[in-house]
Amino acid sequence: MTGEGWGGAVARAGVCCRSASGARRPLPPQSQAQDPCLPLTFIILAGIEKLIFLYWSGFPFFSPWEDANRSPPVAVKSAMTSCEHPDFLQKDDNMLSSQDDGRSKKKDGQSESPSSSHLAYGILDVPPWYLCILLGIQHFLTALGGLVAVPLILAKDLCLQHDSLTQSYLISTMFFVSGICTLLQVLLGVRLPILQGGTFAFVAPSLAMLSLPAWKCPEWTLNASQVNTSSPEFTEEWQKRIRELQGVIMVASCVQILVGFSGLIGFLMRFIGPLTIAPTISLMALPLFHSAGNDAGTHWGIAAVTIFLIVLFSQYLKNVAVPMPIYGREKKLHTSKFYLFQVFPVLLALCISWLLCFVLTVTNALPAAPTAYGYQARTDTKANVLSQAPWFRFPYPGQWGLPTISPAGVFGITAGVISSIVESIGDYYACARLVGAPPPPKHAINRGIGIEGLGCLLAGAWGSGNGTTSYSQNIAALSITRVGSRMVIVAAGCVLLVMGVFGKIGAAFATIPTPVIGGMFLVMFGIIAAVGISNLQYVDMNSSRNIFVFGFSIFCGLAVPNWVNKNPEMLHTGILQLDQVFLVLLTTDMFVGGFLGFLLDNTIPGSPEERGLLTWSQIHEESEQTMKASEIYSLPCGIGTKFCTSSYTWYLPFWPRPEHHGKGFKTIASTPV
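Since the structure is predicted, the reported quantities are computational estimates derived from the model, not experimental observations.

Q: I tried to follow the overall build of the protein on my own but got confused; where do I start?
A: Broken down by element type, the protein carries 24 helices and seven strands. When contacts within the protein are restricted to residue pairs at least 6 apart in sequence, long-range pairs at least 24 apart make up 80% of them. Accessible surface for the protein amounts to roughly 25800 Å². Of this, 65% is attributable to carbon and sulfur atoms.

Q: Sorry, what's going on with the environment of M284 here?
A: In this fold, M284 is placed in helix α7 (residues 274–285). M284 sits 142 residues away from G426 along the chain, and the two C-alpha atoms are 8.6 Å apart. Ignoring sequence-local partners within four residues, the contact set of M284 consists of E423, G426, D427, S472, I528 and M590.

Q: Looking at this structure, how should I read the packing of aromatic side chains?
A: Two numbers describe a pair of aromatic rings. These are the distance of the centres and the angle of the planes. Within this structure, the stated rule accounts for 11 aromatic pairs. Here F176 and W462 contribute two aromatic rings whose centre-to-centre distance is 6.1 Å and whose plane-to-plane angle is 40°, an arrangement assigned as tilted. On the criterion of sequence distance, the pair formed by F176 in helix α3 (residues 164–187) and W462 in helix α14 (residues 442–462) is long-range, its members being 286 residues apart. Judged by relative accessible area, which is 7%, F176 ranks as buried. Judged by relative accessible area, W462 falls into the buried class, the value being 13%. Here a set of aromatic residues connected by ring pairs shows up, and it is made of F176, F394 and W462.

Q: Is there a simple way to think about unusual backbone geometry in this case?
A: Despite not being glycine, R191 shows a phi value in the positive range, around 70°. You can see R191 is positioned in the loop between α3 and β4 (196–198). On the basis of relative accessibility, which here comes to 8%, the residue R191 falls in the buried class. In this model, N364 sits at a positive phi of 60°, which is unusual for a non-glycine residue. Along the chain, the position of N364 falls in the loop between α11 (345–362) and α12 (383–388).

Q: I keep staring at the pattern of salt bridges and nothing clicks. Help me out?
A: Close approach of charged atoms allows side chains of opposite charge to pair. Tallied over the entire structure, the rule returns six salt bridges. R611 serves as the salt-bridge partner of D601, at 3.1 Å between the closest nitrogen and oxygen. With D601 in helix α21 (residues 589–603) and R611 in helix α22 (residues 608–611), this residue pair connects regions lying 10 residues apart in the sequence. Of the two residues examined, D601 and R611, each falls in the buried class. Through salt bridges with shared partners, a single network forms among E237, K240 and R241.

Q: Would you take a moment to explain helix α8 (residues 289–297) for this structure?
A: Each α-helix winds once per 3.6 residues, and so residues spaced three or four apart point in a common direction. Residues of α8 that are buried include every one of A292, G293 and A296, and no others. Seen along its axis, α8 keeps its buried residues to an arc of 100°; they face one direction. On its buried face, α8 sits against α9 (300–316) and α18 (514–534).

Q: What's the story with helix α15 (residues 472–481) in this structure? I'm lost.
A: The buried fraction of α15 is high, at nine of 10 residues. Phi turns positive one or two residues past the end of α15, at R482, with a value near 65°.

Q: Which parts of the structure should I look at to understand the environment of L188?
A: Residue placement: L188 occurs in the loop between α3 and β4. Linking L188 and P636, residues 448 residues apart in sequence, is a C-alpha distance of 7.2 Å. Setting aside residues up to four positions removed in sequence, L188 forms contacts with L183, R447, I451, L635 and P636.

Q: Quick question: what am I supposed to make of the side chain of E452 here?
A: Summarising the element assignment, E452 is placed in helix α14. Within the buried core, E452 has no salt-bridge partner, and the shortest N-O distance to an opposite charge, that of R447, equals 12 Å. When neighbours within four sequence positions are excluded, E452 is seen to be in contact with Q185, Q196, Q256, S420, S424, Y428, T468, T469 and S470.

Q: When you look at the nonpolar core in this model, what are you seeing that I'm missing?
A: Most often, soluble globular proteins have nonpolar side chains that are buried together. F140, F175, L192, F344 and I425 are the most contacted members of the largest nonpolar core, which totals 136 residues. Here this core gets 15 residues from one element, more than from any other, and that element is helix α2 (residues 129–155). Those residues in contact with I425 that lie beyond four places of it in its chain are I265, M269, I277, I445 and I449.

Q: Whenever I open this one, the state of the cysteines confuses me. Can you help?
A: As used in these notes, a disulfide is a covalent bond between sulfur atoms, one from each of two cysteines. The tally for this structure, following the rule as stated, stands at one disulfide. Here C159 engages in a disulfide with C217; their sulfurs sit 2.1 Å apart. Where C159 bonds to C217 through sulfur, the torsion about that S-S bond is close to -105°, and the disulfide is left-handed. With C159 in the loop between α2 and α3 and C217 in the loop between α4 (203–210) and α5 (232–261), this pair connects stretches of sequence that are 58 residues apart.

Q: Any chance you could explain the packing of α9 against α11 here in plain terms?
A: Packed helices, taken two at a time, are described by the angle their axes make and the gap between the axes. Look at α9 against α11: their axes get within 9 Å of each other, and the N-to-C directions meet at 150°. One element, α9, and the other, α11, form an angle in the roughly antiparallel class. Crossing handedness for the pair α9 and α11: right-handed. Each of I302, V305, T306, L309, I310, F313 and S314 in α9 lies in contact with α11, whose residues at this interface are P345, L348, A349, I352, S353, L356, C357 and L360. Residue classes in the contact of α9 with α11 are distributed as 12 nonpolar, three polar and no charged.

Q: Looking at this model, I keep getting lost on the confidence of the model for the protein. Mind explaining?
A: In regions of low pLDDT, the predicted coordinates are not meant to be interpreted in detail. In this model, the protein carries an average pLDDT of 74, and 75% of its residues clear a pLDDT of 70 or more. Contacts of residues 1–116 to residues separated by more than four positions or lying in other chains number 281 contacts, the stretch itself having pLDDT below 50. Confidence drops under pLDDT 50 across residues 659–673; counting only partners more than four residues distant or on other chains, this segment forms 46 contacts.

Q: How should the environment of H299 be read in this particular structure?
A: By the element assignment, H299 lies in the loop between α8 and α9. Taking the C-alpha atoms as reference points, H299 and Y373, separated by 74 residues in sequence, lie 7.0 Å from one another.

Q: Where do I start with the packing of α5 against α14 in this structure?
A: Across the interface, α5 lies against α14 with an axial gap of 7 Å and an inter-helix angle of 165°. Considering their axes alone, α5 and α14 lie roughly antiparallel with respect to each other. Seen along the crossing, α5 lies across α14 with a hand that is left-handed. The residue makeup of the contact of α5 with α14, split by class, is 11 nonpolar, eight polar and two charged.

Q: I'm lost on the side chain of T298 in this one. Help?
A: Locating T298 in the fold gives a position in the loop between α8 and α9. The residues contacting T298, other than those within four sequence positions of it, are Y373, G374, Q376, T514 and P515.

Q: Can you help me understand a nonpolar patch on the surface in this one?
A: Taken together, the side chains of W391, F392, F394, Y396, V498 and F502 define a hydrophobic patch exposed on the protein surface, amounting to about 680 Å² of accessible area. Within the element layout of this structure, F394 appears in the loop between α12 and α13 (407–434). Under the relative-accessibility criterion, F394 is labelled partly exposed at 47%.

Reading guide: rules and limits
- Residues numbered from 1 in each chain as written.
- Predicted model: local features only at pLDDT ≥ 70, side-chain atom pairs only at ≥ 80, totals over all residues.
- Heavy atoms only, no water.
- Helix = DSSP H or I, 4+ residues; strand = E, 2+ residues; numbered from the N terminus.
- Contact = heavy atoms within 4.5 Å.
- Areas by Shrake-Rupley, 256 points an atom, 1.4 Å probe, with all protein chains shown as cover.
- Phe/Tyr/Trp six-rings, centres within 6.5 Å; stacked < 30°, edge-to-face > 60°.
- Buried < 20%, exposed > 50% of the residue type's maximum accessible area, 1.4 Å probe, protein only.
- Salt bridge = Lys/Arg side-chain N within 4 Å of Asp/Glu carboxyl O.
- Arc of directions from axis to C-beta.
- Lys, Arg positive; Asp, Glu negative; His and termini not counted.
- Core = buried A, V, L, I, M, F, W, Y, C linked by side-chain atoms within 4.5 Å.
- Disulfide = S-S within 2.5 Å.
- Axes fitted to C-alpha atoms, helices over the stretch in contact; angles between N-to-C directions.
- Parallel < 35°, antiparallel > 145°, perpendicular 65-115°, else oblique.
- Left-handed = near helix turned anticlockwise from the far one by under 90°.
- Nonpolar A, V, L, I, M, F, W, Y, C, P; charged D, E, K, R; others polar.
- pLDDT = per-residue confidence, 0-100.
- Patch = residues over 30% accessible without salt bridge, like charges linked within 9 Å, V, L, I, M, F, W, Y side chains within 5 Å.

What follows is the structure in structure tokens.
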């Protein structure tokens, strides 16, 4: 930690300097010129250069806050007291002030928490707008693999394997809907910095439904030479299938809406402790070693470079300040030190690895044969998507026609909804822990699950072919970047909306080579697994009871789904719909492990202290009785705490409840269930 200390640290973006008159102003990072042949890298870096040009030209970005005479706020009161080097902009002898400039805003009154001591920006902090944009793009890139993978997985069973243009439409629709759902979740839902995107929990029941005899693709659609993608016959073949998916997703999402807004989840949270949460979170990531390894294995060299760069930037170089040239209005050209590697480790690693793949592609160092090892590392493998995608296309509800419904599909997708709910609850706790927020109170969990159900309803209406859920890989990105501000996720939601409307840009992102994404996933999923295990700190791990509950839950959560996936024919009850429900539930690792943890923890005798429930409940009670929890999890604009505070609303399970609680304390974040 630098000599200036936390109380005098610069705003955590490290983006303020003091001019000769004492006025403080932001310092945008300097980009470097890049090869214009790289479409996406050029777009990102050219955008940065444009922001810097506008700033150097004197454009008044921050004029509402430019008041040199006011007293600067305390730089870090956002529960950060012991980070080794969180200040992104280091103090030099003649250029930087040691106080927050007010534009990188910090919320006062946040309670201290060890879990937030490593953060550069807390959940309530607002980084400068350009950092929000760049960090939002980084979150988009982190989620890109899952966002693109779901439509591509469904493409074959939708009879679209030879129609790349329609595949790009589905990808753009997924981007657009994910942006809407992200904004809804951050602003009105659980209010944690969680990105929303397509869920793999819906993929298995969707494929099961599409494999039924009535929905199997005709043989001629599997032959590229016989497919005319512009013919009405072919269009009707794939559209009637996606309309069926739309209908069943919309009906099943109503179950999630009901479960969330009725308060049922909040009621169940009374019985959910660390021994349920730990295996659930860990099993989000552990089973993904197969897919992450397969992606990375398409070219282990490129994947290793990506892993090395992410680890290098986020762990070894996180305290290295990079000198950046800055031109001020009064101080003219000078330099400052920006903690570039700590803020953008994933974005830098992806861009560098992507650039390396591009160089190896144009020099033909990578094989050109599709079946050869290393072919997936080429940057031209998805060039057809980029060339065929339109520049502008606005997705809209019902774009494929009026949805249809079948009972078999509804039962299967409902099982996916249950799995998604279990996953999301684990995500909420993992996210709150990483961003230094108190554990989410019951009303926030109820609201978050309800909003996710609404997001699935919107995804079905828009025709994405899938629902939405919280993205675990982006929660891991919060730990790597040390930026927990929810305004960054708001920016990421806006980026998703833009990518969904501008087809060329979204298609350009979709050309990131597979081994680059695989290398990133290996790092991200490892962090998620560790976050889940860290919940065991609350329980007595010297107890043989607890060791058995956790170990058995984890092992069965891996073993049972693996066996069911290999022997699906063994699950025959004689009722097709029931078979689909069992198949989905028993192939979802986090559901199996989380359910066993829940069952064993609540049935095997053990004291509350031994089970960790005593500490767990104390944390909840303290979190629900602090202004920080009220500020984080309450509805925006004071709804429910300052306005709409009728006593009738107190009985709504998703509504924050105002309550007097001592001097200077006006609201708490608890609510009846």
